[in-house]
Amino acid sequence: MADMDGSIETKDFHPDIPSRNTPFFLKGSGALDWGMQSRLARIFSASSGRTVMLAIDHGYFQGPTTGLERVDVNIVPLLPYADALMLTRGILRTTIPPSFPRGTVLRASGGPSILKELSNEQIALDIEDALRLNAAAMAVQVFVGGEFETQSIHNMTRLVDLGNRHGVPVLGVTAVGKNMTRDARYFRLACRICAELGAHFVKTYYVADGFETVTASCPVPVIMAGGKKLPEPEALEMAYRAVSEGAAGVDMGRNIFQSEAPAAMIQAVRMVVHENARPAEAFELFQDLKNRQA
Ligand code: R5P
């Protein structure tokens, strides 16, 4: 029995203070269960409502791409600056310190390598393993208009069903097939299909013309994909425009880890995404940090 001697009897129930019912901060996520919201809050900052995700999952179809030859050497030093990591379970288990406190978004689809038809993916992760690894979300590629469109969408809906059952959000990643036009019309279609069929957030490419219609017509948070390596000022400009036009952050890979100064670049991206810094100001930070490390 607990020791009751000296227990304080006076209680204050604060009857004058109404209970708070604070809405969850992410678009379209208010009706999700607590575990799902908690996982999303490990990816997105509650103060800015945005995320800087670092994408390092490229090896799942293209092997040791430039900048990812040694994740332990090149990527682990960047972890303090990443709100979340997008990666495979293989790299997570072998190379990422379990003390990494933020969200991990596990690549959950795969199959073909760059030598084959990329849209021919299948589910490549068991929900049990995602839970065992304490994943914050699962990522699945969706090839709208691609050769294996239906199969890839079915991969996503199957993962959404499993994710909903266990409280793990799903990131729908809009993949662009070789013959797809990268315009707002296409990305509106692809993002909306992902959200309608249950994706909890969506990753898509930036387009200069009409990106705000892509984010506006998608009822869940949209994250900008990085794409091929650009000069740093252009990548910062793209990130700035994307968040100004409604993106809930970025998921950038090559534009960070292939930069001549990756740690400086990810910090500059953070300044744009979380502080609404202008691209020129963020580029100044990049140069300053780069020069200091030299
Ligand atoms: C995209 O389809 C894959 O998930 C990539 O491996 C990765 O996320 C791409 O990142 P980035 O285009 O910024 O290098």
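This one's a predicted model, so the numbers in the text were calculated from it and none came from an experiment. (Residues numbered from 1 in each chain as written. Predicted model: local features only at pLDDT ≥ 70, side-chain atom pairs only at ≥ 80, totals over all residues. Heavy atoms only, no water.)

Peer 1: Report on the overall build of the chain, specifying residues and quantitative values.
Peer 2: Secondary structure summary: the chain contains twelve helices and ten strands in total. Against the 2.2 N^0.38 benchmark of 19 Å for 294 residues, the chain shows a C-alpha radius of gyration of 20 Å, consistent with a compact globule. Across its three principal axes, the chain shows a C-alpha extent of roughly 75 × 50 × 40 Å. A burial count over the chain gives 49% of its 294 residues as buried. Once local pairs closer than 6 in sequence are excluded, the contacts in the chain between residues at least 24 apart make up 67%. (Helix = DSSP H or I, 4+ residues; strand = E, 2+ residues; numbered from the N terminus. Rg over C-alpha atoms; globule rule 2.2 N^0.38 Å. Buried < 20%, exposed > 50% of the residue type's maximum accessible area, 1.4 Å probe, protein only. Contact = heavy atoms within 4.5 Å.)

Peer 1: Quick one: what's the story with unusual backbone geometry, residue by residue and with numbers?
Peer 2: A positive phi angle, close to 45°, is found at H14, a residue other than glycine. Inspection of the secondary structure puts H14 in the segment before α1 (34-41). Phi is positive for N276, which is not a glycine, with a value near 55°. Considering the arrangement of structural elements, one finds N276 in the loop between α11 (262-275) and α12 (279-293).

Peer 1: Just give me the short version of the site of the ligand, but keep the residues and values in it.
Peer 2: Surrounding the ligand, one finds 14 residues, the nearest of these being H58, Q141, K203, G253 and R254. Here an oxygen atom of the ligand sits 2.8 Å away from a polar atom, N or O, in the side chain of D57. Between the ligand and Q141 there is a distance of 2.5 Å, counted from an oxygen atom to a side-chain nitrogen or oxygen. Across the complex, the protein chains shield 95% of the 380 Å² of accessible surface that the ligand would expose by itself. Here the shell around the ligand is built from residues that sort into four nonpolar, five polar and five charged. (Near = heavy atom within 4 Å. Polar contact = N/O pair within 3.5 Å; in protein donor to acceptor, adjacent residues only side chain to side chain. Areas by Shrake-Rupley, 256 points an atom, 1.4 Å probe, with all protein chains shown as cover. Nonpolar A, V, L, I, M, F, W, Y, C, P; charged D, E, K, R; others polar.)

Peer 1: Hey, could you go over the sheet that holds strand β6 (residues 137-142) for me, with residue numbers and the actual values?
Peer 2: Read around the closed barrel, eight strands run β1-β2-β3-β6-β7-β8-β9-β10, paired in parallel fashion. Direction aside, neighbouring strands of the sheet carry axes that sit 25° apart on average. Relative to strand β10 (residues 249-252), strand β1 (residues 51-55) is paired through four bridges, and the arrangement is parallel. Counted as the bridge partner of V52 is V250 from β10. Those strands touched by helix α6 (residues 149-166) are β6 and β7 (170-174), and its axis lies near 165° from that of β6. (Pairing = 2+ DSSP bridges. Axes fitted to C-alpha atoms, helices over the stretch in contact; angles between N-to-C directions.)

Peer 1: Break down the pairing of β6 for me, with residues and values.
Peer 2: Regular strands place their side chains on alternate faces of the sheet. Counting buried positions over the six residues of β6 gives six, a clear majority of the element. In this sheet, β6 lies alongside strand β3 (residues 103-107) in parallel orientation, the contact comprising three bridges. The residue of β6 that forms the bridge with L106 is M138. Bridging between β6 and β7 involves five bridges; their strand directions are parallel.

Peer 1: Just give me the short version of the pairing of strand β2 (residues 84-87), but keep the residues and values in it.
Peer 2: Burial of the side chains of β2 extends over both faces: A84 and M86 are buried on one face and L85 and L87 on the other. Of the pairings in the sheet, the one linking β1 to β2 comprises three bridges and is parallel in character. Bridged to A55 within β2 is M86. Here β2 runs beside β3; their pairing, made up of four bridges, is parallel. Paired with L85 across the two strands is T104, which belongs to β3.

Peer 1: So what's going on with the pattern of salt bridges? Residues and values would help.
Peer 2: Applying the stated criterion to the full structure yields 13 salt bridges. The shortest N-O distance in the salt bridge between R93 and D129 comes to 2.7 Å. Of this pair, R93 sits in helix α4 (residues 89-95) while D129 sits in helix α5 (residues 127-132), and the two are 36 residues apart along the sequence. Taking the relative accessible area as the measure of exposure, R93 reaches 46% and is therefore partly exposed. Given the relative accessible area of 7%, D129 is considered buried. Notably, a salt bridge pairs R241 with E237, separated by 3.1 Å at the nearest N-O pair. Highlighted residues: R241 and E237, both in helix α9 (residues 232-244), separated by four residues, approximately one helical turn. Classification of R241 by relative accessible area gives partly exposed; the value is 36%. (Salt bridge = Lys/Arg side-chain N within 4 Å of Asp/Glu carboxyl O.)

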